[in-house]
Amino acid sequence: MADLVVTGGIVVTPSGPSCLDVAISGGRIEALGARPTSPPPSSGAPGRRSLQRTIDARGCYVLPGGVDPHTHLMSDVGPATRAALHGGTTTALSFTSPRPGEGLADAVARTRDELVPQAEIDIALHASVWEPERIEPGAIEQLASLGAAGVKLFLAFPELGMMASDRVLYETLRSCAATRLITLVHCESGGVIAARVAELIERGCVETHWFCEARPAATEHEAVARTLAVARMADAPVYLVHQSCAGAVDELAGARAMGQLAWGEACTHHLVFAEERYRRPGAERFLVVPPLRAPSDRDRLWAAIARGEIQSIGSDHAQGRTHPVDGPPRSFAEQPYGIAGVELRVPLVLSEGQRRGVPIQRLAELLSSGPARIFGLYPRKGAITPGADADLVVWDPAEEWIVEPGHLHDGLPDSPYLGLPVHGRVRQVVRAGELVVDRGRRVAEGPPPRFLRAWQASQPEQRRQPPGTG
Ligand SMILES: [Zn+2]
């Protein structure tokens, strides 16, 4: 007999939504059954209690647990992952925060050994490259053998010494392709941005709202076009983080239409906010890189989601904001930035996606199965299918609520999402076969979370196949 049955819901499976019951046993999905074969919930007569537990999901969708491909959790991994869990994200891929001089593989091993045990959800790791001129020989191969999911380069932040040259970009793409790691690229023209920052400050334009003037959409578009071209020359797959503008999405869609193996990610804040936030009081709460864009860019992102031109949605959760300088900021360029969004990624994307008419199947793909496939975790993660880890979200599409301070679990004092109306609500979260969140309350710790070795977790052909293309 199964340990737990989720009954009565519309289950979003890899082949589409369907009225099924989900039987869970030993932390995994045991079977999916057609509705009439299972008894209705709480039909057991008094005195005939069985050990099997049932979640009544009538009126709700049952979705695969969220897989967040882009998070920065490690500055306070406990609260960050508790927040994730409450929001229906049961797996996160987090970036390392390497120490000065620390090797890429050393940073992954340290994070895995010291920080992941404090997490409350399953974690896979991407290696951040903050010192691109110091990538040690053999580092990429070491990362692959550690089971890292990806390697992230930045084409911005020359002032921090983080900007990768085209040579480093090309060589990293080559090495990653040879070892089946995915190269993730932060696409912004760092040199142009540095020059614009200097120009604006020279003119006395220092207020918060100038932040986005320093990083216009064209700086992202240029860097995306360049990255795609270099990846073609390197014959390597590439993942473009936080796509935020129409020009970048058009480049990616064009490259994919020509057969290039490239994936694009949108982030929650770019999907729900637009740049007018920078012209209102409290603008500094919305500072993020790339900045919020025009409403037309946001519409282009949603069109790309609906058409499958973007394959993944991340939160870019910043558990700690980035402080470019110590002390009080003297200009927009010295203001802290970054948005904590791991808890609201699933709820807000489902809310806004449904409002815009995007099918639930597509939303589940971008929130869960797409990232799991790209980073080699599928079908263990991202699929409601027999044998997969039993990570499930029961989502009630009817409930309406407004984000208030007491709703969030990340332990942070503020959120730019406060006050936002949300349609639909996460009702239950099952992780590794155990009901852990029930109507906003944490009801069990759940089994210990695991470090997921990404590239060994899937078959090569699953990894090589872009999601949404059959
Ligand atoms: Zn990020």
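Numbering of residues starts from 1 in each chain and follows the order in which that chain's sequence is written. Side-chain atom pairs in this predicted model are given and counted only at pLDDT of 80 or more, local residue features only at pLDDT of at least 70, and totals for whole chains, interfaces and linings cover all residues. Hydrogens and waters are ignored; side-chain quantities use all the structure's heavy atoms.

Turning to the coordination of the zinc ion, a few remarks are in order. Six octahedral donors around a metal ideally subtend angles of 90 or 180 degrees, whereas four tetrahedral donors ideally subtend 109.5 degrees. Only nitrogen, oxygen and sulfur atoms qualify as donors, and only when within 2.8 Å of the metal (3.2 Å in the case of Na, K and Ca); with water excluded, sites may look incomplete. Every protein donor of the zinc ion is accounted for by His70 (NE2), His72 (NE2) and Asp316 (OD), and the metal-donor separations fall at 2.0 to 2.1 Å. Burial classification: accessible surface area is computed with a 1.4 Å probe over protein chains only, and a residue below 20% of its type maximum counts as buried, one above 50% as exposed, and the rest as partly exposed. Taking the relative accessible area as the measure of exposure, His70 reaches 0% and is therefore buried.

A word on the nonpolar core. In this structure, Leu63, Ile123, Leu143 and Ile310 are the most contacted members of the largest nonpolar core, which totals 79 residues. Residue ranges for the domains originate in an automatic or database domain assignment. Counting residues domain by domain, this core receives three or more from each of domain 1 (4-61 + 385-442) and domain 2 (65-384 + 452-464). Those residues in contact with Leu63, other than ones at most four positions away along the chain, are Val12, Leu350, Ile360, Ala364, Ile384, Asp391, Leu392, Val393 and Trp395. Ranked by size, the runner-up nonpolar core spans 32 residues in total, among them Met162, Ile193, Trp210 and Ala214. As used in this record, nonpolar core signifies buried Ala, Val, Leu, Ile, Met, Phe, Trp, Tyr and Cys residues forming a set joined through side-chain atoms within 4.5 Å. Here, residues are in contact when the closest pair of their heavy atoms is within 4.5 Å.

As a further point, take helix H1 (residues 77-86). Of all 10 residues in H1, 9 are buried; the element is thus mostly enclosed. For H1, the complete set of buried residues consists of Val77, Gly78, Pro79, Ala80, Thr81, Ala83, Ala84, Leu85 and His86. Put simply, DSSP H or I for four residues or longer makes a helix, DSSP E for two residues or longer makes a strand, and each gets a number counted from the N terminus. One or two positions beyond H1, positive phi appears at Gly88, with a value near 90°.

To continue, consider helix H3 (residues 139-146). Along H3, the residues that are buried comprise Ala139, Ile140, Leu143, Ala144 and Leu146. End-on view of H3: buried residues confined to an arc of 160°, all on one side of the axis. Among the structural elements, helix H2 (104-115), strand S9 (122-128), strand S10 (150-154) and helix H4 (166-179) are those in contact with the buried residues of H3. Downstream of H3 by one or two residues, Gly147 has phi in the positive range, about 85°. In this description, one arc is meant: the one made by directions from the helix axis to the C-beta atoms.

We now examine the domain arrangement of the protein. Split into domains, the protein comes out as domain 1 (4-61 + 385-442) and domain 2 (65-384 + 452-464). Look at where the C-alpha atoms of domain 1 and domain 2 centre, and you get two points 28 Å apart. Buried area: the sum, over both parts, of the accessible surface (1.4 Å probe) that disappears when the two are put together. Carbon and sulfur atoms supply 63% of the area that domain 1 and domain 2 bury against each other, a total of about 3,600 Å² over both sides. What counts as a salt bridge is simple: a side-chain nitrogen of Lys or Arg found within 4 Å of a carboxyl oxygen of Asp or Glu. A salt bridge links Arg431 to Asp122; its shortest N-O distance comes to 3.7 Å. Two N or O atoms form a polar contact when they lie within 3.5 Å of each other; inside protein one atom must be a possible hydrogen donor and the other a possible acceptor, and for residues adjacent in sequence the pair counts only when both atoms belong to side chains. Linking domain 1 with domain 2 are 16 residue pairs in polar contact (both at pLDDT 80 or more). When contributions to the side of domain 1 that touches domain 2 are tallied by element, the ones reaching two or more residues are strand S2 (10-13), strand S3 (16-25), strand S4 (28-34), strand S16 (392-402), strand S17 (421-431), strand S18 (434-438) and strand S19 (441-442). A total of 7 residues in the side of domain 1 that touches domain 2 trace back to one element, the largest contributor, which is S17. Along the lines of polarity and charge, the residues of the side of domain 1 that touches domain 2 split into 27 nonpolar, 9 polar and 7 charged. Under the convention adopted here, Pro, Cys and the residues Ala, Val, Leu, Ile, Met, Phe, Trp and Tyr are nonpolar, Asp, Glu, Lys and Arg are charged, and Gly plus all remaining residues are polar.

As a further point, take the packing of H3 against H4. In this description, a line fitted to the C-alpha atoms serves as the axis of each element, helices being fitted only across the stretch in contact, and the angle between N-to-C directions of two axes falls anywhere from 0 to 180 degrees. For the pair H3 and H4, the least separation of the axes is 9 Å and the interaxial angle reads 35°. Read as a crossing pair, H3 and H4 show a hand that is right-handed. Across the interface between the two elements, Ile140, Glu141 and Ala144 of H3 pack against Thr172, Ser175, Cys176 and Thr179 of H4. Class assignment of the residues belonging to the contact of H3 with H4 gives a composition of 3 nonpolar, 3 polar and 1 charged. Handedness of each helix crossing follows the sense of rotation of the near helix against the far helix: counterclockwise by less than a right angle gives left-handed, clockwise gives right-handed.

Once that is clear, we can look at the packing of H4 against helix H7 (residues 217-234). Two elements in contact, H4 and H7, have axes separated by 9 Å at closest approach and are oriented at 50°. Our classification of the angle between H4 and H7 gives oblique. Here H4 and H7 pass one another in a crossing that is right-handed. Between H4 and H7, the residues in contact are Asp166, Leu169, Tyr170, Leu173 and Arg174 and Arg226, Thr227, Val230, Ala231, Met233 and Ala234, respectively. Class assignment for the residues of the contact of H4 with H7 results in 7 nonpolar, 1 polar and 3 charged. We call two directions roughly parallel when the angle between them is under 35 degrees, roughly antiparallel when it is over 145, roughly perpendicular when it lies between 65 and 115, and oblique otherwise.

The next subject is unusual backbone geometry. Omega for the peptide link from Val289 to Pro290 comes to -10°, which places this bond in the cis form. Here Pro290 is to be found in the loop between helix H9 (268-272) and helix H10 (295-307). Going from Tyr378 to Pro379, the amide bond is cis rather than trans, its omega being 5°. Relative to the elements of secondary structure, Pro379 occurs in the loop between helix H12 (360-374) and S16. Located in the positive-phi region is Arg180, a residue other than glycine, with phi close to 65°. Mapped onto the elements of the fold, Arg180 is located in the loop between H4 and strand S11 (182-186). Residue classification places Arg180 among the partly exposed residues on the basis of a relative accessible area of 32%. Positive phi values are uncommon outside glycine, yet Asp235 reaches one of about 55°. With respect to the secondary-structure elements, Asp235 resides in the loop between H7 and strand S12 (238-240).

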